[in-house]
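# Observations on the three-dimensional arrangement
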Amino acid sequence: PHEGIDMCVCMGASISMATGLEKARGKDFARKLVAVIGDSTFFHSGITGLVDMVYNGATSTVMILDNSTTGMTGHQDHPSTGKNLKGDVAAVIDIETLVRGLGVKNVRTVDPFDMKALEVILKEETAREEVSVIITQRPCALLPQVPVLPALHINDTCTSCGMCMKLGCPAIERHENGMWINETLCNGCGLCVKVCKFDSIKKAGE
């Protein structure tokens, strides 16, 4: 995550920037471009950018991070959560259906914690000669309805390789005597378990 963003201008600008870069640098350059945008921001200001991509025959890939809320500014509802800003029941706009309705032929939905599947999908979609959309779908861990999972810890088999640090998780820290997980910050998502090659990360009590 710390090295994943090459360019960031403003809320909702990623899709438009990808289109502009393709116009400036050509399709070969654009094939490796991925415009990343949140689900709430997609509704706010990303839809028109995707329309432009389809209309202008773009090549880049758009990744919509669907965490079922507006995580950046305080967990407000948006058009695909089933509630309006007052908390009343509202019509649900399905993101995948909307994207296909805009004319995108190649749409894939994947759990972002299934890292192997996500990697395969990324490689396939960025290789396409036309615009594609990847929707990573998993509710935000801080939503009230999401079950609280037990915190994780790192045992003595850790080699301090630092692979878990590359996730950018605020709960993982490097100390003089090795890696450490701050259990007050850990939400137990288990993503670090999947990247640890030494099986050194366990649930509390294991």
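Residues numbered from 1 in each chain as written. Predicted model: local features only at pLDDT ≥ 70, side-chain atom pairs only at ≥ 80, totals over all residues. Heavy atoms only, no water.

Looking now at the nonpolar core. In terms of nonpolar packing, the biggest core is built from 18 residues, with Phe42, Leu50, Met53, Val62, Ile64, Val99 and Val133 touching the most fellow members. Mapped by element, the contributors of at least two residues to this core are helix H1 (14-25), strand S1 (34-38), helix H3 (39-55), strand S2 (61-66), helix H4 (95-101) and strand S4 (132-137). Considering each element in turn, this core owes the most residues, 4 residues, to H3. Filtering out sequence-adjacent residues up to four positions away, Val62 remains in contact with Ile15, Ala35, Ile37, Leu50, Met53, Ser132, Val133 and Ile134. Counting 12 residues, the second-largest nonpolar core is a separate cluster that includes Ala151, Ile172, Ile181 and Ile201. (Core = buried A, V, L, I, M, F, W, Y, C linked by side-chain atoms within 4.5 Å. Buried < 20%, exposed > 50% of the residue type's maximum accessible area, 1.4 Å probe, protein only. Helix = DSSP H or I, 4+ residues; strand = E, 2+ residues; numbered from the N terminus. Contact = heavy atoms within 4.5 Å.)

Moving on: empty space enclosed by the protein. Within the structure shown, the criterion is met by 1 cavity of 30 Å³ or more. Of the pockets and cavities examined, the largest cavity occupies roughly 90 Å³. Along the walls of the largest cavity sit 14 residues, with Cys158, Cys161, Cys164, Cys196 and Ser200 positioned nearest its centre. (1 Å grid on protein atoms, 1.4 Å probe; cavity = no way out; pocket = protein on both sides within 12 Å on 5 of 7 lines; lining within 4 Å. Points joined across faces, edges and corners; volume = space filled by probe spheres on them.)

Where H1 meets H3, the axes come as close as 8 Å, and the angle between the chain directions of the two elements is 20 degrees. In terms of orientation, H1 lies roughly parallel with respect to H3. The residues of H3 that touch H1, namely those facing Ile15, Ser16, Ala18 and Thr19, are Phe42, Gly46, Gly49, Leu50 and Met53. For the contact of H1 with H3, a count of residues per class yields 5 nonpolar, 4 polar and no charged. (Axes fitted to C-alpha atoms, helices over the stretch in contact; angles between N-to-C directions. Parallel < 35°, antiparallel > 145°, perpendicular 65-115°, else oblique. Nonpolar A, V, L, I, M, F, W, Y, C, P; charged D, E, K, R; others polar.)

Attention now moves to the side chain of Ser60. Following the sequence through the fold, Ser60 ends up in the loop between H3 and S2. In this structure the side chain of Ser60 is engaged in a polar contact, spanning 3.3 Å, whose partner is the backbone oxygen of Ala30. Those residues within four positions of Ser60 in sequence are excluded, and the remaining contacts are Ala18, Glu22, Ala30, Leu33, Met53, Glu130, Val131 and Ser132. (Polar contact = N/O pair within 3.5 Å; in protein donor to acceptor, adjacent residues only side chain to side chain.)

Take the sheet that holds S4 next. Strand order in the open sheet formed by 4 strands is S1-S2-S4-S3, and the pairing between neighbours is parallel. Of all the strands in the sheet, just S1 and strand S3 (106-110) have a single pairing partner and so form its edges. In this sheet, adjacent strand axes meet at a mean angle of 20 degrees when their direction is disregarded. With 5 bridges joining them, S1 and S2 adopt parallel strand pairing. Paired with Gly38 across the two strands is Leu65, which belongs to S2. Running over the sheet, H3 touches S1, S2 and S4 and is turned about 145 degrees from S1. Contacting S1, S2, S3 and S4, helix H5 (residues 115-126) crosses the sheet at an angle of about 170 degrees to S3. (Pairing = 2+ DSSP bridges.)

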